Amino acid sequence: MEGNDLPIPFECTGPNTPPPPCFSPFKSVPLSLNAYSDRLTRLINDVLDLARYEAGQEIWNDAPNSLSDIVETAVSGIQSLAIQKSLDISVDLESDLSDVWCDQDKINRVLTNLLSNAIKFTPEHGKIGILISEASNSGGKKSERMVEIKVSDNGVGIPTGELDEIFQKFKQVTDTLADVRKGTGLGLPICKEIVSHYGGKIWAESKLGEGSVFTVTIPIEKSAVAVDSPPAQESGSSSASSV
């Protein structure tokens, strides 16, 4: 057999006998290669994005933005994934919520990452909630108006010992669902970098078997902590990623 020849286990057609089931050892290879290629591309993009955030080289297009519009965009972007698992997504926004000084694409990325994770770790027919309200931060020298974003689910939950670790680079939540698709392990670290840029906080609360709640707080008005963008340069990919 030549080096490039492939063994043929049987003929798929015949003149006098019914054809046996055709067999191709590479039937699933294109899908597997595509999935691997997509994941590798996301990983490379996330590594580059995170490096820019950490180096202070990311471009920030800050302006007053409606959180209602940002939430609508984020939910629309992941709606098809929720439908595939028959998940119910509810949104509760406080009335008369002020516009928030932020880069809408960056906050959309935070929301999309959190929602994608909630979908991934919530079994079929589960529930995901988004609650947004105004709060105040009195921990500093002066009270600061904040917006609080909560993304909750009734999924499998996160072990208590991993609640802080999940915001570390390449940390994956312990698998509790056999069919959970692996992410890049950089989604939550990127969320943390974005939230920290605005002087905000992000944390998780969870109980195994009951679900998780991720909370984000950021100032409504321009924060003194946020730094101006560096000189204009080419911006890399900002595609959302999962834990």
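This is a predicted model, so every value here is computed, not measured.

Section: the overall build of the chain
For the chain, the helix and strand inventory stands at 4 helices and 7 strands. When the helices and strands of the chain are listed from N to C terminus, the series reads α-β-α-β-β-α-β-β-α-β-β. Expressed as a percentage of the 243 residues in the chain, the buried residues total 40%. Sequence separation of 24 or more characterises 74% of the internal contacts of the chain that already satisfy a separation of 6 or more. With the model as given, the accessible surface of the chain reaches about 14,000 Å², and the carbon-plus-sulfur share is 53%.

A few points about the pattern of salt bridges
Two side chains of opposite charge can pair, provided their charged atoms sit close to one another. The full count for this structure, using the stated rule, is 5 salt bridges. When the shortest N-O distance is used, the salt bridge between Glu 58 and Arg 52 registers 2.8 Å. On the accessibility criterion, Arg 52 (14% relative accessible area) is buried. Arg 145 is the salt-bridge partner of Glu 134, the closest N and O atoms lying 2.9 Å from each other. Highlighted residues: Glu 134 in strand β4 (residues 127-137) and Arg 145 in strand β5 (residues 144-153), separated in sequence by 11 residues. Taking relative accessible area as the criterion, Glu 134 reaches 29% and is therefore assigned partly exposed. Three or more residues joined by partner-sharing salt bridges are found here, namely Arg 52, Glu 58, Asp 103 and Lys 106.

With respect to the confidence of the model for the chain
With 67% of its residues at a pLDDT of 70 or more, the chain has an overall mean of 79. Per-element mean pLDDT across the chain ranges from 70 in helix α1 (residues 29-55) up to 97 in strand β1 (residues 63-65). Of the regions scoring below 50 in pLDDT, residues 4-13 engages in 13 contacts with residues more than four places distant in sequence or in other chains. Here residues 231-239 is modelled with pLDDT under 50, and outside its nearest four sequence neighbours on either side it reaches 17 contacts, counting other chains as well.

Remarks on helix α2 (residues 67-84)
Helix length check: α2 (18 residues) gives 26 Å between terminal C-alpha atoms against 26 Å at 1.5 Å per residue, within 8%. Largest kink in α2: about 50°, centred on Ile 78. Within α2, burial applies to Leu 67, Ile 70, Val 71, Ala 74, Val 75, Ile 78 and Ala 82. Two or three places before Ser 68, at the opening of α2, Ser 66 has a side-chain oxygen 3.3 Å from that residue's backbone nitrogen.

Points about unusual backbone geometry
Most of the time, phi is negative for any residue but glycine, and the peptide bond is trans. Unlike most non-glycine residues, Ser 86 shows phi in positive territory, near 55°. Along the chain, the position of Ser 86 falls in the loop between α2 and β2 (88-93). Even without glycine at this site, His 125 takes up a positive phi of about 70°. Along the chain, His 125 turns up in the loop between α3 (104-120) and β4. With a relative accessible area of 60%, His 125 lands in the exposed category.

Calculation rules
- Residues numbered from 1 in each chain as written.
- Predicted model: local features only at pLDDT ≥ 70, side-chain atom pairs only at ≥ 80, totals over all residues.
- Heavy atoms only, no water.
- Helix = DSSP H or I, 4+ residues; strand = E, 2+ residues; numbered from the N terminus.
- Buried < 20%, exposed > 50% of the residue type's maximum accessible area, 1.4 Å probe, protein only.
- Contact = heavy atoms within 4.5 Å.
- Areas by Shrake-Rupley, 256 points an atom, 1.4 Å probe, with all protein chains shown as cover.
- Salt bridge = Lys/Arg side-chain N within 4 Å of Asp/Glu carboxyl O.
- pLDDT = per-residue confidence, 0-100.
- Expected span 1.5 Å × (residues − 1).
- Bend = angle between axes of the 7 residues up to and from the residue.
- Polar contact = N/O pair within 3.5 Å; in protein donor to acceptor, adjacent residues only side chain to side chain.

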